[in-house]
Every structure is written in C-alpha cells, then in structure tokens.
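Each chain, written out:
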Amino acid sequence: MNEGRRRAGRPAVLTTDRVVTAAIEVLDAEGLDALTMRRLGARLGVAAMSLYRHVPNREALLAEIVNRLFAEAVTGYAPAAAWPEALAGFAVAYRRVLLAHPHAVPLLATHPVDVDLGKELLAGLLARFEAGGIPQEDVITAVQSVAVYVLGHALAQVGTPPGGTPAPADETATAFYDQWFDAGLAAMVTGFERRLTGDGYPHQ
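Just so we're clear, the structure is a prediction, and the values are computed from it rather than from any experiment.

Student: How should the UniProt feature "DNA-binding region" (unreviewed entry) in the protein chain be read in this particular structure?
Tutor: In the numbering used here, UniProt assigns the "DNA-binding region" (unreviewed entry) feature to residues 36-55. Taken end to end, residues 36-55 is 60% helix and 0% strand, and its first and last C-alpha atoms sit 12 Å apart.

Student: Got a minute to help me understand the pattern of salt bridges in this structure?
Tutor: As a working rule, side chains carrying opposite charge can pair if their charged atoms are close by. Considering all chains together, one arrives at 5 salt bridges under this definition. Linking E25 and R43 is a salt bridge whose minimum nitrogen-to-oxygen distance equals 3.0 Å. In this pair, E25 sits in helix 2 (residues 16-30) while R43 sits in helix 3 (residues 37-44), placing the two residues 18 residues apart along the sequence. For E25, a relative accessible area of 37% corresponds to the partly exposed category. Judged by relative accessible area, R43 falls into the partly exposed class, the value being 40%. Residue E30 pairs with R39 through a salt bridge whose shortest N-O separation is 2.6 Å. The exposure class of E30 is partly exposed, given its relative accessible area of 35%.

Student: Looking at this model, I keep getting lost on helix 5 (residues 58-74). Mind explaining?
Tutor: Residues spaced three or four apart along an α-helix point in a common direction, a consequence of the helix completing one turn every 3.6 residues. A rise of 1.5 Å per residue sets the reference length of helix 5, with its 17 residues, at 24 Å; its end C-alpha atoms lie 25 Å apart and thus fit the reference within 8%. Each element contacted by the buried residues of helix 5 is listed here: helix 2, helix 3, helix 6 (83-100), helix 7 (105-110) and helix 8 (115-121). N-capping of helix 5 is provided by N57, with a side-chain oxygen placed 3.2 Å from the backbone N of E59. At the exit of helix 5 stands G76, carrying a positive phi of roughly 85°.

Student: How do you make sense of the packing of aromatic side chains when you look at a structure like this?
Tutor: We describe a pair of aromatic rings using the distance from one ring centre to the other and the angle between the two ring planes. Scanning all chains against the criterion turns up 9 aromatic pairs. Plain terms: the ring middles of F176 and Y177 are 5.3 Å apart, the flat faces sit at 70° to each other, and that makes the pair edge-to-face. You can call F176 partly exposed: its relative accessible area is 48%. The class for Y177 is buried, based on a relative accessible area of 18%. Note on F176 and W180: the rings are 5.7 Å apart at their centroids and 45° apart in plane angle, and the pair reads as tilted. With a gap of 4 residues between them, F176 and W180 both fall in helix 11 (residues 171-197), about one helical turn apart. What makes W180 partly exposed here is its relative accessible area of 40%. An aromatic cluster is defined as three or more aromatic residues linked by ring pairs; in this entry it consists of F70, Y77, F90 and Y94. Looking at R95, its charged tip hangs above the ring of F181, at a distance of 4.5 Å from the centre.

Student: Would you mind showing me how to read the nonpolar core here?
Tutor: Proteins that are soluble and globular tend to have nonpolar side chains buried together. Counting residues in each nonpolar core, the largest one holds 55 residues, and the members touching the most others are L61, I65, L87, F90, Y94, L125 and F129. The residues contacting Y94, other than those within four sequence positions of it, are F70, A73, L108, A147, V150 and L151.

Student: Could you clarify how one ought to interpret the packing of helix 6 against helix 9 (residues 123-131) in this entry?
Tutor: What describes two packed helices is the angle between their axes and the distance between those same axes. Closest axis-to-axis distance for the helix 6/helix 9 pair is 9 Å, and the angle between their directions is 155°. Judged by the angle between their axes, helix 6 and helix 9 are roughly antiparallel. Taken as a pair, helix 6 and helix 9 cross one another with a handedness that is left-handed. Mapping the contact onto sequence places W83, A86, L87 and F90 in helix 6 and L125, R128 and F129 in helix 9.

Student: Explanation requested: the environment of T16 in the structure shown.
Tutor: Within the secondary structure layout, T16 lies in helix 2. By relative accessible area, T16 is classed as partly exposed at 28%. As for T16 and V55, which are separated by 39 residues in sequence, their C-alpha atoms are 7.1 Å apart. Once residues within four sequence positions are removed from consideration, T16 is found in contact with H54 and E64.

Definitions and cut-offs
- Residues numbered from 1 in each chain as written.
- Predicted model: local features only at pLDDT ≥ 70, side-chain atom pairs only at ≥ 80, totals over all residues.
- Heavy atoms only, no water.
- UniProt positions renumbered as here; feature names shortened; annotations may be inferred.
- Helix = DSSP H or I, 4+ residues; strand = E, 2+ residues; numbered from the N terminus.
- Salt bridge = Lys/Arg side-chain N within 4 Å of Asp/Glu carboxyl O.
- Buried < 20%, exposed > 50% of the residue type's maximum accessible area, 1.4 Å probe, protein only.
- Expected span 1.5 Å × (residues − 1).
- Contact = heavy atoms within 4.5 Å.
- Polar contact = N/O pair within 3.5 Å; in protein donor to acceptor, adjacent residues only side chain to side chain.
- Phe/Tyr/Trp six-rings, centres within 6.5 Å; stacked < 30°, edge-to-face > 60°.
- Lys NZ or Arg CZ within 6 Å of the ring centre and 35° of its normal.
- Core = buried A, V, L, I, M, F, W, Y, C linked by side-chain atoms within 4.5 Å.
- Axes fitted to C-alpha atoms, helices over the stretch in contact; angles between N-to-C directions.
- Parallel < 35°, antiparallel > 145°, perpendicular 65-115°, else oblique.
- Left-handed = near helix turned anticlockwise from the far one by under 90°.

Below, the structure is given as structure tokens:
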C-alpha cells in the first residue's frame, strides 16, 4: 500500500520529447531569454541537472526545438502534384507554424534545421521537383530561398527586440502582412518556375 502511494506520487518519467515540449511552452509564454535550463527544470518539477541526461546543453535543446517546430510545420502538409504549387504550399504551412510560435521565429532564423531531417520531412516536396526533371542543385536553391523568405517575412511581422513581447496584431495589420506575403510568395514561385522550366532557364 505504501509502495502504491509512492508510485502514485511519482512525477511522470522524464523523456527528451517531454523536455522539448516543455521548452516550447516556456518559449511561447516567456520568450527565448527566459528559456534557461533552470527555468525549464522548474516547469518540469525537476532539478536542472537532470535535464542534461536528455539534452547535453542549451544549444542542443534549441536545436531540438527547431527540429520539432519544423516537423510541426510539415505535419499534415500534402504536396500538390506540381512542384510550384507544392513549394507554395510548403511556404504557407511553414509560415502558419512560425506565426503560432512568434518567440521562436528568431530562433529558427538563426539555427538551421538538421539537414537529414529536413530532407526526410520534405521528401514529398522534393519528389515533385524530381518528377518535374529539376536538377538537384536548383531544387535546393528554390526550397531554401523560399524557406528564408518565409522566415524573413515572419521576422518582419512578429520580430521584437531580444526579450521583448510581440505586439498584438490587429485585423488591419494581419491583412496587410497576409497580402504582402502572398504577393511576394507568388512572385518568387513564379520566378523559379520560369527560370527552371520556361524561357528564363539559364541554358548552357
């Protein structure tokens, strides 16, 4: 009976997944500067030192957050049949997650997603380019360029000084940024489409 009471009172088993989830919660609520190992341990109800069994240091934790949020961006994302539409769809899905986690935008803008994980998560999109006969080096250029555009635009929309709080967006501001994003994305995707498959392709 005493053993049962002890078991009932034990905290949930700490896992890397749980640590990263809690870290994103702290990041969303309090900002990047507040995300320390001590603060994270307090949220999880454990000593900060116990976190190092799951993430070796804060930089490794930030990398895990970046990978998790990027994975969240492409979860449920189904690439369209043609690569230009698939590329645009990826941009929209990525932006949606960035705007849902405004404090994380500067982090994703300065910490690259793990390359192998990125390729795995974007396998469907990359396959659309391959089906269209687009050379791999051009695929990388197009996808990375669009990803950087999404990040830059999100920074313009939610960016604040370090430790600051993003200003609440009103409907007018949101509509302005949506229109700006859509126009810029359409121009970029159209430009790549013309360059890679149309008259704008740089023939040797």
